[in-house]
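The chain contents come next:
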Amino acid sequence: MSVRPWAGRPQRCAQALAGAAVALLVLPFLGACQPRRDPARLIVASRNRIDTVDPAGAYTVGAMQLLSAIGDPLYAIGTDGRIEPRLATDLPRISGDGLRIQVSLRRGVRFHDGTPFDAAAMVFTLERFLAIGKLSYLIGDRVASVRATGSHSIELRLRRPFGAVSQLLSAINLTPLSPTAYRHHARRQLSDRFIGTGPYRLSFFTPQQQRLEPFAGYWGRPPANRGLDLVALSNSTALFGALQSGEVDGLLSTSLELDHQAALSRQARRGLLRQATGPALEIGYLTLLTDQPPLNDVRLRRALALSLDRRRLVERVSQGLNLPLRGLVPPVLPAGTPEPWPAYNPQQARRLYRQAGYCGGRRLPLELTFRSNIPSDRLFALTWQALLQRDLGDCVTLAVQGMESTTAYRQLGDGAFQLIVLDWMGDFPDADNYLMPVLGCDKARGDRCLQGASAASGSFWTRPGLEAELRRSASLSGDPRLALLRRIQRQTAAATPYLPLWLVQPRIWVRPDLDQPRFDGSGRVLLQELRRP
Amino acid sequence: MSRSNRLLRYVGARVALAPVMLWLLASLVFLLLRLAPGDPVDALLGTRAPEAARAALRAQLGLDQPLLQQYWRFLIGLLQGDLGTSLTNQQPVRAVIGQTLPASLELGVVALMLAAVLGLAVGFSGIARAESRLDLGARLYGIGTYALPSFWLAMMAQLVFAVWLGWLPVGGRFPPTLLPPSGTGFYLLDSLRDGLLHHHWQNLLGSLRHLLLPAGTLAVLLSGIFANALRLNLRRAMDSDYVEAARSRGLSERRLILRHALPNALLPVLTITGITVASLIGGALLIEVTFSWPGVAARLQEAIAQRDYPLVQGIVVVVAALVVMVTVAVDVLLAWLDPRLEF
């Protein structure tokens, strides 16, 4: 039986509807109740959740960007790509044997807690980093010890000569820390506070939000804004929307979906936003398993190199935002040009496949692994698969499979992948930081690397004398070093254990009422220059 | 044995079983994490660190010790209330949970309250005019909200109210231009306290503005469950013999519903509420991710990707403990309320 308990009382429904209408009317009221914003304070958003602000524990791009605003390195890479002394007064002085480095430190610099910056503080910082730094291998491999030689000078003793020591000391992880503030954290991390010497002091920290206030006692040019709030939103759509709605003033491109980046770039071209691009220091590349059939045949590796239509792939995968790359060293760095890997040439590729016994009825089966949690990797895999099918479908067939990145990293050294898409950005901008991590080899048998970076990266390729050349290049400087690095790249390209794919340029978009932003030579936004005129 | 004694014995058994369940769960999580390929060093250092550096970091994080030793340390720590230290930022796991769990609970409680009001109102309206357009609308609402993909609704709400209309923020838990209130970690309560004590009402408004979209979206999604449950159970109750008997005694329809049918119809709704609360304690992952809500579910997802073993274990154990507590509480409440239940 049906019941009508309130039959004849339609006003109840009307009341309910009125209630809903009132609730909806409250929304714009709440919208109007936005906290008032100081126009000289800016909000910059990104997808970068920052777990720790301790330079010893920080390793993500977002953390490095934050550290570059609240800390100062000894040296910095300027917007023109040149090394500039920052907390050092001049370039390092290298002893005749190349094993001792003298660095003079700037006087009159103070930490955010008011204590003076001196040699003891720098020694404290470097020793702390060597002891507990997650990336301590950066200097631990090269620096044997550090000591103060005066109140404002230090000496580094190197394990072996290293020509790019200024670049190494530009790593933001080595930014000095106040020994007073960190006295209880000399051998453990301090994740949520930072006392350094940078133009901003960190006044509030959570992984999702960091508040930066201009440091009144800063030794250099004071920030152009009255402070910054760096916020992390966890998805690309929210970030895109936040900039569109004016909720944030600037947006960093790290981890932003390429579709959103392309849309923002289009808006910037129409003058609706301002866009700045930094030096392209992040590379995407393919690792080839060279010690197992079929890719132990160099003809097939070269054929694959000739089968890569980078221009089209970059267009399809990144809508033209990334740049095609034919070298392991980014072209903005010395030794990055000329790019020695061959350009797309399907005819020549076909000849090589034929020489190896493929094409016309026999197809080379290959398996490409991509990191399933990185959308551009997947898009690349599918696009290349389709392009190969179209252009060289009778010679090669590509199967693609996704795998979560951490799982894939664990299996790289086991030789689990015929072909895998990876990326890399050096911790400091120098060719050594791009070649050594893929070509280094501690133990080899012929052309097969048994132990070392090449084996760990899943290629297992080396050649007799390569490790010695890499070490020698690290000890050289100037033109001899460039010549040697170029030769190493040429020889690597001839053997093709890796296939460089593209370069990723960091970007920032800001609201049109802000001044044009700029990047430094390390690929970080100069946050202190952001300004609403 | 009297019913109250049986009830006490039932509660005692449930409470006594809880630690065993937690131990089993904690052990399972511990084992599964170690069985999964990749470890924190792979997640932290990626592909390029030298093997010596990887080994050093592994030793620093205690991952080079035998599995049994790691498990023993984990269990001893757990018994002492020490959940360990996060591998990614060296913060105590308790502190990380202390920062993220209140966010999830706040979102969950507010969403649940809104969902209950909305869902019960819609469910009730179906009874007001059975088989009418209103009833049809209520049914469609119940099915529709239940079937809607949560991420889609969340993104649409974000697009309309935050991006197009600009009424509410796109994401986050608090305006970046203000400093979050200190205290319990429940920003709504802390902001209310600040407002009452110091007349800082901006904090409360800021909290509300940030809470409204995620909580509203979650509430709409959950309200369908309440609406359907109430509608069906109320309809069943209204058709039952005891209601018919009461009607024949001349009781008004309003009294019939409020005094006779509704209490019985609400019992299954209470069970559903319990299950929903239990699922919300672990956070509503898609809502948290879409609205950048810094809750425990989003943190757990990141911790899994980072292979932050202690943090994953800690979150799972704490959330499981709360879920066990809530389910026991709901079971006991039901047993107490419903004399028909046997235990």
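The structure this text deals with has already been given above.
Residues numbered from 1 in each chain as written. Chains lettered and ligands numbered in written order. Predicted model: local features only at pLDDT ≥ 70, side-chain atom pairs only at ≥ 80, totals over all residues. Heavy atoms only, no water.

Draft legend 1. A look at the overall build of chain B. Scanning chain B from terminus to terminus reveals 14 helices and 0 strands. Element order for chain B, N to C, with α for helix and β for strand: α-α-α-α-α-α-α-α-α-α-α-α-α-α. Across the 343 residues in chain B, those meeting the buried criterion constitute 49%. Here the analysis covers contacts within chain B between residues at least 6 apart in sequence; of these, 69% occur between residues at least 24 apart. About 15,900 Å² of surface is accessible on chain B, with carbon and sulfur atoms providing 70% of the total. If you average the places of the 27 positive and of the 20 negative side-chain charges in chain B, the two averages end up 5 Å apart. (Helix = DSSP H or I, 4+ residues; strand = E, 2+ residues; numbered from the N terminus. Buried < 20%, exposed > 50% of the residue type's maximum accessible area, 1.4 Å probe, protein only. Contact = heavy atoms within 4.5 Å. Areas by Shrake-Rupley, 256 points an atom, 1.4 Å probe, with all protein chains shown as cover. Lys, Arg positive; Asp, Glu negative; His and termini not counted. Charge placed at Lys NZ, Arg CZ, Asp CG, Glu CD.)

Draft legend 2. The overall build of chain A, seen in detail. What chain A contains, in helices and strands, is 16 helices and 21 strands. Structurally, chain A occupies a C-alpha span of about 90 × 75 × 45 Å along its principal axes. Considering chain A as a whole, with its 533 residues, one finds that 58% of them fall into the buried category. Looking at chain A alone, contacts between residues at least 24 apart form 69% of all its contacts between residues at least 6 apart.

Draft legend 3. Quick peek at unusual backbone geometry. All names here are of chain A. The step from proline 293 to proline 294 runs through a cis peptide bond, and the omega angle for that step is 5 degrees. Inspection of the secondary structure puts proline 294 in the loop between β13 (282-288) and α8 (298-306). With a phi angle near 80 degrees, alanine 335 is a residue other than glycine that sits in the positive phi range. For phenylalanine 460, which is not a glycine, the phi torsion comes out positive at approximately 65 degrees.

Draft legend 4. Here's a closer look at the state of the cysteines. All names here are of chain A. The full count for this structure, using the stated rule, is 2 disulfides over all chains. A sulfur-sulfur distance of 1.9 Å marks the disulfide that ties cysteine 359 to cysteine 395. In this structure the cystine formed by cysteine 359 and cysteine 395 twists about its S-S bond by roughly 110 degrees; its chirality is therefore right-handed. Of this pair, cysteine 359 sits in the loop between α10 (346-355) and β15 (364-371) while cysteine 395 sits in the loop between α11 (375-392) and β16 (396-403), and the two are 36 residues apart along the sequence. For the pair shown, cysteine 359 and cysteine 395 are each scored as buried. Paired by a disulfide, cysteine 441 and cysteine 449 hold their sulfur atoms 2.3 Å apart. Across the disulfide from cysteine 441 to cysteine 449, rotation about the S-S bond amounts to roughly 110 degrees, and the bridge is consequently right-handed. A relative accessible area of 4% places cysteine 441 in the buried class. Disulfide partners in chain A, listed by the sequence order of the bonded cysteines, are 1-2, 3-4. (Disulfide = S-S within 2.5 Å.)

Draft legend 5. Fine view of the sheet that holds β15(A). All names here are of chain A. Pairing is mixed across the open sheet formed by 6 strands, whose spatial order is β14-β20-β13-β17-β15-β16. Either end of the sheet is taken by a strand with one partner, and the two such strands are β14 (323-324) and β16. Sheet topology places β15 next to strand β17 (residues 419-425); 2 bridges connect them, and they run parallel. Pairing of leucine 368 across the sheet is with leucine 419, part of β17. (Pairing = 2+ DSSP bridges.)

Draft legend 6. Looking closely at a nonpolar patch on the surface. Residues and elements named next belong to chain B. Taken together, the side chains of Leu28, Leu31, Leu32, Leu35 and Leu67 define a hydrophobic patch exposed on the protein surface, amounting to about 500 Å² of accessible area. Looking at the nonpolar patch element by element, the count peaks at 4 residues for helix α1 (residues 3-35). Turning to its location among the elements, leucine 67 is positioned in helix α4 (residues 67-79). (Patch = residues over 30% accessible without salt bridge, like charges linked within 9 Å, V, L, I, M, F, W, Y side chains within 5 Å. Salt bridge = Lys/Arg side-chain N within 4 Å of Asp/Glu carboxyl O.)

Draft legend 7. Up close: the side chain of Ser46(A). All names here are of chain A. With respect to the helices and strands, the residue serine 46 is situated in strand β1 (residues 42-46). Look at serine 46 and you get buried, because its relative accessible area is 6%. The contact partners of serine 46, leaving out residues within four places of it in the chain, are Val231, Ala232, Leu233, Leu239, Leu251 and Leu252.

Draft legend 8. A look at the packing of helix α9 (residues 201-238) of chain B against helix α11 (residues 253-281) of chain B. Residue and element names in this part refer to chain B. Two elements in contact, α9 and α11, have axes whose closest approach is 8 Å; the angle formed by their N-to-C orientations is 140 degrees. Here α9 is positioned oblique relative to α11, judged by the angle of their axes. Judged by the twist between their axes, the crossing of α9 over α11 is right-handed. From α9, Leu218, Leu222, Ile225, Phe226, Ala229, Leu230, Asn233, Leu234, Ala237 and Met238 reach across to α11, where they touch Glu253, Ile257, Ala261, Leu262, Ala265, Leu266, Pro268, Val269, Ile272, Thr273, Thr276 and Leu280. (Axes fitted to C-alpha atoms, helices over the stretch in contact; angles between N-to-C directions. Parallel < 35°, antiparallel > 145°, perpendicular 65-115°, else oblique. Left-handed = near helix turned anticlockwise from the far one by under 90°.)

Draft legend 9. Main features of the pattern of salt bridges. Counted by the stated rule, this structure contains 42 salt bridges over all chains. One salt bridge connects Asp192(A) with Arg193(A), and the closest N-O pair in it is separated by 3.8 Å. Taking relative accessible area as the criterion, Asp192(A) reaches 33% and is therefore assigned partly exposed. We classify Arg193(A) as exposed; its relative accessible area is 51%. A salt bridge links Arg139(B) to Asp135(B); its shortest N-O distance comes to 4.0 Å. In this pair, Arg139(B) and Asp135(B) both sit in helix α6 (residues 133-147), 4 residues apart, roughly one turn of the helix. One network of salt bridges, with partners in common, ties together Arg41(A), Arg211(A), Glu213(A) and Asp229(A).

Draft legend 10. Spotlight on the interface of chain A and chain B. The interface of chain A with chain B comprises 63 residues on the first partner and 67 residues on the second. Counting each side, the surface lost to burial between chain A and chain B is near 5,600 Å², with a carbon and sulfur contribution of 60%. The tally of links from chain A across to chain B stands at 17 residue pairs in polar contact (both at pLDDT 80 or more). Of all the secondary-structure elements, those providing two or more residues to the side of chain A that touches chain B are α1 (11-32), β9 (209-214), β10 (228-232), α6 (236-244), α12 (405-412), β17 and α13 (432-439) of chain A. Examining the composition of the side of chain A that touches chain B, we find that 7 residues originate from one element, α1(A), more than from any other. A class-by-class count of the residues in the side of chain A that touches chain B yields 30 nonpolar, 18 polar and 15 charged. (Buried area = accessible area lost by both parts, 1.4 Å probe. Polar contact = N/O pair within 3.5 Å; in protein donor to acceptor, adjacent residues only side chain to side chain. Nonpolar A, V, L, I, M, F, W, Y, C, P; charged D, E, K, R; others polar.)

Draft legend 11. Local environment of empty space enclosed by the protein. Residue and element names in this part refer to chain A. For the structure shown, the criterion picks out 3 cavities of 30 Å³ or more. Its boundaries defined by the atoms lining it, the largest cavity holds a volume of some 120 Å³. Along its surface, the largest cavity is lined by 14 residues, and Ser68, Pro73, Arg86, Ile172 and Asp520 are the ones closest to its centre. Among the elements that take part in the lining of the largest cavity, strand β2 (residues 75-77) stands out by supplying 3 residues, more than any other. Here the lining of the largest cavity is composed, by residue class, of 7 nonpolar, 4 polar and 3 charged. Counted as a void, the second largest cavity has a volume near 100 Å³. Lining the second largest cavity we find 14 residues, and of these Ser46, Asn48, Gln210, Leu230 and Leu252 sit closest to its centre. Counting only elements with at least two residues in the lining of the second largest cavity, the list comes to β1, α2 (61-70) and β10. Looking at the lining of the second largest cavity, its residues break down into 9 nonpolar, 5 polar and no charged. (1 Å grid on protein atoms, 1.4 Å probe; cavity = no way out; pocket = protein on both sides within 12 Å on 5 of 7 lines; lining within 4 Å. Points joined across faces, edges and corners; volume = space filled by probe spheres on them.)

Draft legend 12. Region of interest: the sheet that holds strand β6 (residues 143-150) of chain A. Residue and element names in this part refer to chain A. An order of β4-β5-β7-β6 is seen for the 4 strands of this open sheet, with the pairing classed as antiparallel. Taken across any chain shown, the strands that pair with only one partner, and hence form the sheet edges, are β4 (93-94) and β6. Two strands pair when backbone bridges link them, and strand β5 (residues 100-104) and strand β7 (residues 153-158) are joined in this way by 5 bridges, in the antiparallel orientation. Of the residues in β7, the one forming a bridge with glutamine 102 is glutamate 155. Strands β6 and β7 of the sheet are contacted by helix α3 (residues 119-132), whose axis makes an angle of about 170 degrees with β6.

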